[in-house]
Amino acid sequence: KQWYQRRVRGVELFILLHCYTLYILLLVAQLIERAMRLPKYGIGTYKLEDSTTLKNVINAVLPLGVRLFDTAQWYCNEGLIAEVLSTELPKHGLTREDVVIVSKVHPNNHGYEKAKATTLESISHFKYIDMMLVHWPGMHGSEGVDMRAMRAGTWRALEELMQSGQLRGIGVSNYTVSHMTELLEYTTTGPPSVLQCEFHPRCHQTEVREFCEKHDVQFMGYTPLGRQDLFNKPIVQDVAVKYGITPSQVLLKWGIQKGVVTIPRSSNPDRNVENATSWTDGVSLKQDDMDLLDKLNDDSSLIVGILLCYNRV
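First, a word on what this report is: a plain description of the structure on this page. (Residues numbered from 1 in each chain as written. Predicted model: local features only at pLDDT ≥ 70, side-chain atom pairs only at ≥ 80, totals over all residues. Heavy atoms only, no water.)

1. Description of empty space enclosed by the protein
Selection criterion: Think of a 1 Å grid over the protein atoms and nothing else: a 1.4 Å probe that fits but is trapped marks a cavity, an open set flanked by protein within 12 Å on at least five of seven lines marks a pocket, and residues with an atom within 4 Å of a point count as lining. Grid points are joined across faces, edges and corners, and a volume is the space filled by probe spheres set on the points. Numbering goes from the N terminus for both helices and strands, where a helix is a DSSP run of H or I of at least four residues and a strand is a run of E of at least two. Residues are grouped as follows: Ala, Val, Leu, Ile, Met, Phe, Trp, Tyr, Cys and Pro are nonpolar; Asp, Glu, Lys and Arg are charged; every other residue, Gly included, is polar.
Per the counting criterion, the structure on display carries one cavity of 30 Å³ or more. The computed volume of the largest cavity comes to approximately 30 Å³. Lining the largest cavity, in full, are Phe199, Gly221, Pro224, Leu251, Leu252, Gly255, Val260 and Thr262. Of the residues forming the lining of the largest cavity, the biggest block, three residues, is contributed by helix H9 (residues 247-257). Across the lining of the largest cavity, the residue classes break down as five nonpolar, three polar and no charged.

2. Details of the pairing of strand S7 (residues 218-222)
Put simply, the test is: When accessible area is computed with a 1.4 Å probe and restricted to protein chains, residues below 20% of their type maximum are described as buried, those above 50% as exposed, and intermediate ones as partly exposed. Two strands qualify as a pair provided DSSP detects at least 2 bridges between them. By convention, orient the strands away from the viewer: a clockwise path from the first strand over the helix to the second makes the crossover right-handed.
Counting buried positions along S7 yields five of five residues, so the element is predominantly enclosed. The two faces of S7 match: Gln218, Met220 and Tyr222 on one face and Phe219 and Gly221 on the other face are all buried. In this structure, strand S6 (residues 194-198) lies alongside S7, joined through five bridges in parallel fashion. Bridge pairing links Gln196 to Met220 in S7. Handedness of the β-α-β unit built from S6, helix H7 (residues 206-214) and S7 comes out right-handed. Where S7 and strand S8 (residues 261-263) come together, three bridges link them in parallel fashion. If you follow Tyr222 over to S8, its bridge partner there is Ile263.

3. Digging into the nonpolar core
Quick note on the threshold: By convention a nonpolar core is built from buried Ala, Val, Leu, Ile, Met, Phe, Trp, Tyr and Cys residues, the set being connected through side-chain atoms within 4.5 Å.
Grouped together as the largest cluster of nonpolar side chains are 66 residues, with contacts concentrated most on Phe69, Leu167 and Leu195. Counting 12 residues, the second largest nonpolar core, distinct from the first, contains Leu38, Leu68, Val102 and Met131.

4. A look at the environment of Val84
Convention followed: Residue contacts follow a heavy-atom distance rule, with two residues in contact if any of their heavy atoms lie within 4.5 Å.
With respect to the helices and strands, Val84 occurs in helix H3 (residues 78-88). Sequence spacing of Val84 and Asn59 is 25 residues, and the spatial spacing of their C-alpha atoms is 10.0 Å. If near-sequence neighbours (up to four positions away) are discounted, Val84 is found in contact with Ser51, Leu54, Lys55 and Ile58.

5. Considering the side chain of Gln196
As for its placement among the helices and strands, Gln196 is situated in strand S6. If near-sequence neighbours (up to four positions away) are discounted, Gln196 is found in contact with Asp70, Val102, Lys104, Leu133, Val172, Ser173, Asn174, Met220, Tyr222 and Ile263.

6. What to know about the packing of aromatic side chains
Threshold: Pairing of aromatic rings covers Phe, Tyr and Trp, the last counted by its six-membered ring, and requires centre-to-centre distances within 6.5 Å; plane angles under 30 degrees mean stacked, over 60 mean edge-to-face, and any other angle means tilted.
All told, the structure shown has four aromatic pairs when counted by the stated rule. Aromatic side chains Phe199 and Trp254 sit 4.9 Å apart centroid to centroid with 20 degrees between the ring planes, which places their arrangement in the stacked category. Here the residue Phe199 occupies a position in the loop between S6 and H7, and Trp254 occupies one in helix H9, the gap between them amounting to 55 residues. The exposure class of Phe199 is buried, given its relative accessible area of 2%.

7. Some words on the pattern of salt bridges
The test is simple: Whenever a carboxyl oxygen of Asp or Glu lies within 4 Å of a side-chain nitrogen of Lys or Arg, that contact is scored as a salt bridge.
Tallying each qualifying case throughout the model produces 15 salt bridges. Note that Glu160 and Arg156 form a salt bridge whose closest N and O atoms lie 3.7 Å from each other. Taken together, the residues Glu160 and Arg156, both in helix H5 (residues 147-163) and four residues apart, mark about one turn of the helix. By relative accessible area, which is 41% here, Arg156 ends up partly exposed. Here Asp281 and Lys253 are joined by a salt bridge, their closest N and O atoms 2.6 Å apart. Separated by 28 residues along the polypeptide, Asp281 in the loop between helix H10 (269-280) and helix H11 (287-294) and Lys253 in helix H9 bring together distant segments of the chain. Salt bridges here are not isolated pairs; linked through shared partners, they connect Lys116, Arg156 and Glu160.

8. A look at unusual backbone geometry
Negative phi values dominate among residues other than glycine, just as trans dominates among peptide bonds. Phi angles above zero are rare outside glycine, and Lys127 is one such case at about 80 degrees. Along the chain, Lys127 falls in the loop between helix H4 (112-126) and strand S4 (131-134). Residue Asp216 is not a glycine yet carries a positive backbone phi of 60 degrees. Within the secondary structure layout, Asp216 lies in the loop between H7 and S7.

In short, geometric facts, not functional conclusions.
And the structure:
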């Protein structure tokens, strides 16, 4: 009888230790996922749909240490980017594992089944995707659609693909604080790793950035150069002259020094080099100049107003 009791206790102890080990491994996996942080600088690829142009851009920025490439299902260039990277990376002694791919679920692919199927298609181009975002919280023709349920289904699909290892991280784009708060109610993997929104000196996104800081969400800014009129603002011009840099470099340094992942877009290789130099030249704007640039803010958005239909709750 004593032998039997010891045997039972031994089995119970084994099961307990096994469960504890699994629990620790789960915690470690979640910590690794939360620790996924994007490089501070990358390039956007919207409207880069020509192979030659894309090759020229990629070959211009890789020597400067740029490793982040932002795309989306909407851009219709995921396959082209993957193809160009596969041929150009080896020329620089690099592999797929050396670059970071960010893509996004098309707003018309909201919902569990469509989101999962189309994200798997996106993954097939790159073997895996480093960060997959939900592009917009809404969708065209969403009248009468339960968008909360659609968003929850989309997020669940991304969570499953992350847990299977096909996505390294997941996040959202163009979400408001209301959308982010809602997401926290149904997520099973913690807050999103990334929130991508428009960000430049005329559009500070103060409310969502404060939310991101509170919940350890990395903020990523697109359209960092804003409207063309920013280049001609006297403040921007004066700061550029003071540091011997270009207006675009002033604007990009402002975003980078705010701790924002900055992703300018240009089809011109020389312009890409100019932009990337703002990240590599070691020049930092003094706080007084950062404060001057802050005064340009008027919460002016280039994108959200135009695409309001995709931002409906």
